[in-house]
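# Overview (structure and organization)
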Amino acid sequence: MQEFLVVVNDEEQYSIWAADSEPPAGWQPTGHRGTEQECLDHIERVWTDIRPRSAR
């Protein structure tokens, strides 16, 4: 089973990334990791305003 990381960028947008790979430039791990579904569920709970930070 593949493990994923929840990552966030400077605009506070969230995504998931394979845990065995470095996230792309501009994205930082949030500290949450798990299965794909666990990570997506976490993002759904914490990312309540999907507008980029600069648009808020």
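Preceding block: the structure.
One structure accompanies this document, and this report is about it. (Residues numbered from 1 in each chain as written. Predicted model: local features only at pLDDT ≥ 70, side-chain atom pairs only at ≥ 80, totals over all residues. Heavy atoms only, no water.)

Turning our attention to the sheet that holds strand S3 (residues 27-34). The strand order across the open sheet formed by three strands is S2-S1-S3, and the pairing between neighbours is antiparallel. Two strands bound the open sheet, and with one partner strand each, they are strand S2 (14-18) and S3. Averaged over all pairs of adjacent strands, the angle between their axes in this sheet comes to 35 degrees, without regard to strand direction. Where strand S1 (residues 4-9) and S2 come together, five bridges link them in antiparallel fashion. Looking across to S2, one finds that Val6 is bridged to Ile16. (Pairing = 2+ DSSP bridges. Helix = DSSP H or I, 4+ residues; strand = E, 2+ residues; numbered from the N terminus. Axes fitted to C-alpha atoms, helices over the stretch in contact; angles between N-to-C directions.)

Before going further, it helps to spend a moment on helix H1 (residues 36-46). Here H1 has its buried residues at Cys39, His42 and Ile43. Buried residues along H1 cover an arc of 100 degrees about the axis, so they all sit on one side. Among the exposed residues of H1, those pointing more than 90 degrees away from its buried face are Glu44 and Arg45. At its buried positions, H1 is contacted by S1, S2 and S3. (Buried < 20%, exposed > 50% of the residue type's maximum accessible area, 1.4 Å probe, protein only. Arc of directions from axis to C-beta. Contact = heavy atoms within 4.5 Å.)

In this section: the side chain of His42. Relative to the helices and strands, His42 resides in helix H1. Each residue touching His42, except ones within four places of it in the same chain, is listed here: Val6 and His32.

By size, the foremost hydrophobic cluster in this structure holds five residues: Phe4, Val6, Ile16, Cys39 and Ile43. Put simply, the parts of the chain that give this core at least two residues each are S1 and H1. With residues near it in sequence (within four places) discarded, Ile16 still touches Phe4, Leu5, Val7, Glu36, Cys39, Leu40 and Ile43. (Core = buried A, V, L, I, M, F, W, Y, C linked by side-chain atoms within 4.5 Å.)

We now examine the packing of aromatic side chains. Aromatic ring pairs are described here by two measures, namely the spacing of the ring centres and the angle between the planes. Counting across every chain of the model gives one aromatic pair. Residues Tyr14 and Trp47 carry aromatic rings whose centres are separated by 5.7 Å and whose planes lie at 50 degrees to one another, so their mutual orientation is tilted. Residue Tyr14 is found in strand S2, and its partner Trp47 is found in the segment after H1; the two are separated by 33 residues along the sequence. With relative accessibility at 24%, the residue Tyr14 sits in the partly exposed group. (Phe/Tyr/Trp six-rings, centres within 6.5 Å; stacked < 30°, edge-to-face > 60°.)

Remember that the coordinates give geometry; whether it matters functionally is a separate question.
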